[in-house]
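Take a look at the letters that make up each chain.
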Amino acid sequence: MNKNYLDIIRSSKPAQFGILLIIFLFLYHFIPQNEGNYFWRLPSLLGFIPIKLNEIIYAALYEWFPLKVYDPIFEMYEEKAAFREFTKSISKGLLFLITFVRELLLGGDKIIDIFVSDAWLKENDWMSWPALPWTAATVGAFLLGYQLGGFRLALLGGIGSLYVSIFGNWVPSIQTLSFVLITTPICFVLGLSFGIWGYLDKKVETALQPVLNVMQTMPQFAYLVPIIALFGLGDHAGSIATIVIATPPMIRNTILGLKRISPEVVEAGLMSGCTKRQLLFKVLIPTARRDILNGVNTVIMQCLAMVVIASFVGAKGLGLNLKVALNSLKIGKAAEAGFCIVLIAVILDRFTKAWANKQVDYFENLTFFERYKLLIIFGISILIFSVVAFIANGYFDKINYLYVIPIEKGFTFAHYIDAAVDWVWETFFYSLNSFNKFLLTQVLGPMKKAYLGMPVAATLTLTMGVAYIIGGIRTCLLVGGMMLFIAMSKYWDRALITMYMATFAVIMASLNGIIVGSIFAQTQRGSKFILSVCDFFETFPSFVYLIPVIFLFNITDTSVLIAAIVYATVPATRYTVWGLNSVPPSLHEAGTMSGVSRMQRWTNIEIPLAFPTIMLGVNQTVVFTLQMVILGALIGTEDLGQLIFGALSRAQDGPGVAITLGLFVSLMAISVDVIVRKWAEERKKALGLD
Amino acid sequence: MSPTISCSSVYKIFGNNAQTLLSESGGNVDAKKFQEAGCIVGVNNASFDVNQGEMLVVMGLSGSGKSTLLRCISRLTDATSGKILIDGEDICLMNSKQLIELRREKMGMVFQNFALLPHKTVLENIAFPLQVKGVTTENSIHKALEMVELVGLKGRENYFPRELSGGQQQRVGIARSLAVEPDIWFLDEPFSALDPLIRKEMQDEFLRLQSVLNKTIMFVTHDFDEALRLADRIAIMKDGIIEQLDKPDNIVLNPATDYVKKFTEDVPREKVLKIESIMDASDPNASGEIAVKKDDIIETVAEKILNSKETIKVVDEKNSVVGSINPSKVIKVLFGE
């Protein structure tokens, strides 16, 4: 009899979960809540980690490997740490490139300054690169679009550029663009190289995997403080932060794409007599180009999503404008800057895709003029517009509108947006406010209290138990180790708050995503439509989501959570649609012939089969949610994010704290990921989908 | 004249300690024992020659090792042991530079799933082997245009592979493999991914090409009818072993093993056998108005023979009489014993 019960427990997962829940509740209620009790809270044995990290960073910067460096101002040799010189030269190089592109379009004398002395430049103040008139730039964007993808892209480029110019966002847009134009190729080269290396060497791939996992789940904010410490403030620091964040998806896409190539294509390359290099550059990379291009696309989107965050470390451009506008609650101005970012994102996206698909025509037999027609037109238009703009210098007294329309003088629709927001605010104030209050006092407050009242022993038992039931002993130890790492710091309570916010947002976003996805995935047209809506929302930088919610719900947990829910609903929806679409049509037909109703088909056929894919979407939802919750620190929450944000202003111990806390957030995401992935794999195997 | 391809005791065994296991077994490989030791036998002691201008069809079901054998000979995989001579040179001993040289000059290969480069047009795909060799764009495109015409794809030079049907894609694959004018032509189940009707059409096209080009060919297929239709000689493989290697009519008439017999049982004799195999050679002075060639397949001349009431003379390539044939013999083949 006794043995029988054990068998049931051994074979039935629900029974195991039931027992786990009982143990958890027992621990929750009977462990006394006092600070001396190690079952309630662990001592902060790992409190030294941030301090140690700081020591390492500063030792690297000021003590390790001193080199004799010649100082041209004091005309003497000085001892400087090699690492510091290294980071300095990276900063200088990046800054030079960004400034170069910027001045090429906006004009200026900083680049010339590098090559001549200050004094000479002051005497010869005519010595300055002229700005490109926005009119010529618009013609340029139009022609480039035409060359790449015909009339439609020409219109997109031309109108986009025209809009940016006459709405007064020309200068910040070019600042942002120069940032993207330099950062993207660096991410591309780095990502492609590491990806190829990982593809060629299995060991490298195994080593890359956990690093990429951590990098992709670290909150973007956590990188900022260490970057300031290492590279200082400025456009280059923003660029480096972006490189760190945008390179991992490029690496992943490259490896994925290369692995997907059919072995026959590789053999065909070999039989054509390719050398190793030819095989790589003429067969492998071009064949994987779709995945690689998706990577480039992601990189560009990440760059634009990062412009706001990069502005915290001194990057100029639209991001900075957006941040300033948001800080002073100018929703209209912020929306305008946000719109420009989205517009640039769309144009770059389309242009790069068209460029990648361009075809060579072997039969054209053109004269020099025909071949370079567009380039010549562009040159002529630069000449004409520059001359006109130069002559017009005499006509305008202060601002030459033919070069640049400054932001105060440009058209604007900011006040319309402000008015609309005001109207919403006035009309719905009471209902919004009471909803907000209800949510805070009835749902979020109690939930937060429950999380904070959880003894550490109970939390660990629950997470490790779930990991054990789903993934076995290895998963259990892995997850347990990661949780223990957080629990043994002094930030456990903050981590619990982050967890509560994340849990709430993940549940809501997943429900939204599954419902919306299921409704639209019923028809092919619906699927296509909702996927393109997802594409559209994903081009929004995460920051943009905070704009409306702050206004509607003030600076509370509600705002952050709603932004997080909306933001994270996108991946949940996308994966639901993918999952449902991957259910084989023969099963639909079999279901129909068995006489199922629509609802029965959904619950009995579609959802079970799509569930592994949907769970992978939930995984993404966790990452998205955590990013947004941490970002919420900008508008004031009291979780880990707020501490990371706070570290920005603490130069001394900031880097160590930021990295440690960022790592904690990353570990939470990875714990969930490990469990969910394992579970999805098992389900897939059980359903025979692999 | 020495054979173009010559294999002796070629083994291919997959697994970690294949080399040691093979040397322990002393060449006497038992697939089951090897499987227990964690190794899979791909090719088991293959020895054969392919002569200049000959078409050897390697036929076997999936997992029989036929594709592995082909890949050993093109050295896309390294044979575990054995000698593979191409024009007298052992390719197993070649370094990668020599190998690249060999592939650029002498070999062409066609793949089951076409293996076209998706980012290149028809023309660029065909010109690809020339371009990696270092031929100028102008010359390689010129040559590719010739190839396009040869395989009948004129007018589609600038299409991408995704815009073509399966049959058309394989024509591109064929043109690509022929662009460098190789002596040796490998075809790995080239028509298996095609519809039956298209397959027939492509086989005809292939025979037409071969009659013009006269390459040394190794052709892999799982389709026995295809093998009979195309081959000069057929090698039938099972579990890595070549069960029988012979001319099509000999295989049908004298299957060496029970396994081979299973394939030949349902084959209509008249489609395979030549007049030579049923003629009466004891009568070299047969007279008569009508003559058939000794290499004619029975089916193709059956009507001609049956329409005439008398004995018909059989002639060789030089039109000298080598025997005679009686309509009753043909009837016997057609309607069976």
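Rules behind the numbers
- Residues numbered from 1 in each chain as written.
- Chains lettered and ligands numbered in written order.
- Predicted model: local features only at pLDDT ≥ 70, side-chain atom pairs only at ≥ 80, totals over all residues.
- Helix = DSSP H or I, 4+ residues; strand = E, 2+ residues; numbered from the N terminus.
- Buried ≥ 20, exposed ≤ 12 C-beta atoms within 10 Å, placed from the backbone.
- Contact = placed C-beta atoms within 7 Å.
- Rg over C-alpha atoms; globule rule 2.2 N^0.38 Å.
- Domains from an automatic or database assignment.
- Nonpolar A, V, L, I, M, F, W, Y, C, P; charged D, E, K, R; others polar.
- Pairing = 2+ DSSP bridges.
- Axes fitted to C-alpha atoms, helices over the stretch in contact; angles between N-to-C directions.
- Parallel < 35°, antiparallel > 145°, perpendicular 65-115°, else oblique.
- Left-handed = near helix turned anticlockwise from the far one by under 90°.
- Core = buried A, V, L, I, M, F, W, Y, C linked by C-beta atoms within 7 Å.
- Right-handed = clockwise from strand over helix to strand, strands pointing away.

1. Examining the overall build of chain B
So, step 1. Looking only at helices and strands, chain B features 13 helices and 13 strands.
So, step 2. Once the C-alpha set of chain B is aligned to its principal axes, its extents read approximately 65 × 55 × 40 Å.
So, step 3. A burial count over chain B gives 42% of its 337 residues as buried.
So, step 4. Across chain B, contacts joining residues at least 24 apart in sequence account for 65% of those joining residues at least 6 apart.

2. Some words on the overall build of chain A
So, step 1. Within chain A one finds 28 helices and 2 strands.
So, step 2. Compactness check: chain A gives a C-alpha radius of gyration of 28 Å against a globular reference of 26 Å for 690 residues, within 12% of the reference.
So, step 3. Its C-alpha atoms put chain A at 100 × 65 × 65 Å along the principal axes.
So, step 4. Expressed as a percentage of the 690 residues in chain A, the buried residues total 41%.
So, step 5. Sequence separation of at least 24 residues holds for 75% of the intrachain contacts in chain A that already meet a minimum separation of 6.

3. Brief notes about the domain arrangement of chain A
Residue and element names in this part refer to chain A.
So, step 1. Partitioning chain A into structural domains gives domain 1 (13–42 + 455–488), domain 2 (53–123), domain 3 (174–334) and domain 4 (433–453 + 491–687).
So, step 2. Taken together, the contact between domain 3 and domain 4 spans 22 residues of the former and 26 residues of the latter.
So, step 3. Here the element with the most residues in the side of domain 3 that touches domain 4 is helix H10 (residues 220–231); it accounts for 7 residues.
So, step 4. Broken down by class, the residue content of the side of domain 3 that touches domain 4 amounts to 19 nonpolar, 3 polar and no charged.

4. Remarks on the interface of chain A and chain B
So, step 1. Taken together, the 19 residues of chain A in the interface contact 20 residues of chain B.
So, step 2. Elements with a contribution of two residues or more to the side of chain A that touches chain B: helix H12 (263–271) and helix H13 (276–287) of chain A.
So, step 3. In terms of residues, the side of chain A that touches chain B owes the most to one element, H12(A), which gives 6 residues.
So, step 4. Here the side of chain A that touches chain B is built from residues that sort into 8 nonpolar, 7 polar and 4 charged.

5. Things to note about the domain arrangement of chain B
Residue and element names in this part refer to chain B.
So, step 1. For chain B, the assigned domains are domain 1 (50–79 + 91–267) and domain 2 (271–335).
So, step 2. With 6 residues of domain 1 at the interface, the matching set in domain 2 holds 4 residues.
So, step 3. Ranked by residues supplied to the side of domain 1 that touches domain 2, first place goes to helix H10 (residues 248–253) with 4 residues.
So, step 4. Counted by class, the side of domain 1 that touches domain 2 contains 5 nonpolar, no polar and 1 charged residues.

6. Thoughts on the sheet that holds strand E13 (residues 321–325) of chain B
In a beta sheet, neighbouring strands pair by backbone hydrogen bonds and run either parallel or antiparallel.
All names here are of chain B.
So, step 1. Here we have 3 strands laid out as an open sheet, ordered E11-E12-E13, and mixed in their pairing. Among the strands making up the open sheet, the edge pair consists of strand E11 (291–293) and E13. Averaged over neighbouring strand pairs, the angle between their axes works out to 35° when direction is ignored.
So, step 2. Of the strand pairs in this sheet, E11 and strand E12 (residues 312–315) are connected by 3 bridges, and their pairing is parallel. In the strand pairing of E12, Ala-291 is matched with Lys-313.

7. A word on the packing of helix H16 (residues 331–356) of chain A against helix H19 (residues 414–452) of chain A
All names here are of chain A.
So, step 1. Relative to each other, H16 and H19 sit at 125°, their axes nearing to 7 Å. Considering their axes alone, H16 and H19 lie oblique with respect to each other. For the element pair H16 and H19, the recorded crossing hand is right-handed. In this structure, H16 contributes Ile-331, Gly-332, Lys-333, Ala-335 and Glu-336 to the contact, and H19 contributes Ala-414, His-415, Ile-417, Asp-418 and Val-421.
So, step 2. Across the contact of H16 with H19, the residue classes break down as 5 nonpolar, 2 polar and 3 charged.

8. Remarks on the sheet that holds strand E3 (residues 55–59) of chain B
Residue and element names in this part refer to chain B.
So, step 1. The strand order across the open sheet built from 6 strands is E6-E7-E8-E3-E9-E10, with neighbouring strands paired in mixed fashion. Strands at the two margins of the open sheet, each flanked by one partner only, are strand E6 (107–110) and strand E10 (241–246). Adjacent strand axes in the sheet meet at a mean angle of 15°, parallel and antiparallel pairs treated alike.
So, step 2. Relative to strand E8 (residues 216–221), E3 runs parallel, the two sharing 5 bridges. Within E8, the residue paired with Val-57 across the bridge is Phe-219.

9. Some remarks on the nonpolar core
So, step 1. Of all hydrophobic cores here, the largest spans 270 residues; its most connected members are A:Ala241, A:Ala505, A:Ala568 and B:Ile126.
So, step 2. Non-local contacts of B:Ile126, meaning those with residues more than four positions away in its chain, are made with B:Ala144, B:Met147, B:Val148, B:Val172, B:Ala175, B:Arg176 and B:Ala179.

10. A word on the environment of B:Ala179
So, step 1. Here B:Ala179 shows up in the loop between helix H7 (166–178) and strand E7 (184–188).
So, step 2. Those residues in contact with B:Ala179, other than ones at most four positions away along the chain, are B:Ile126, B:Ala127, B:Pro129, B:Leu130, B:Lys143, B:Ala144 and B:Met147.

11. As for the packing of helix H8 (residues 170–200) of chain A against helix H15 (residues 318–327) of chain A
All names here are of chain A.
So, step 1. At a minimum axis separation of 7 Å, H8 and H15 run at an interaxial angle of 120°. One way to sum up the angle between H8 and H15 is to call them oblique. Between H8, through Pro-172, Ser-173 and Thr-176, and H15, the contact on the second element is made entirely by Leu-318, Gly-319 and Asn-321.

12. Description of the pairing of E12(B)
Residues and elements named next belong to chain B.
So, step 1. With helix H12 (residues 298–307) bridging E11 and its parallel neighbour E12, the resulting β-α-β unit is right-handed.
So, step 2. Two elements, E12 and E13, share 4 bridges in a ladder whose sense is antiparallel. Bridging across to E13, Lys-313 finds its partner in Ser-324.

13. Notes on unusual backbone geometry
Residues and elements named next belong to chain B.
So, step 1. One non-glycine residue, Glu-181, lies in the positive phi region at around 55°.
So, step 2. Here Glu-181 shows up in the loop between H7 and E7.
So, step 3. The phi dihedral of Asn-214 is positive, around 55°, even though this residue is not glycine.
So, step 4. Checked against the element boundaries, Asn-214 lands in the loop between helix H8 (196–213) and E8.

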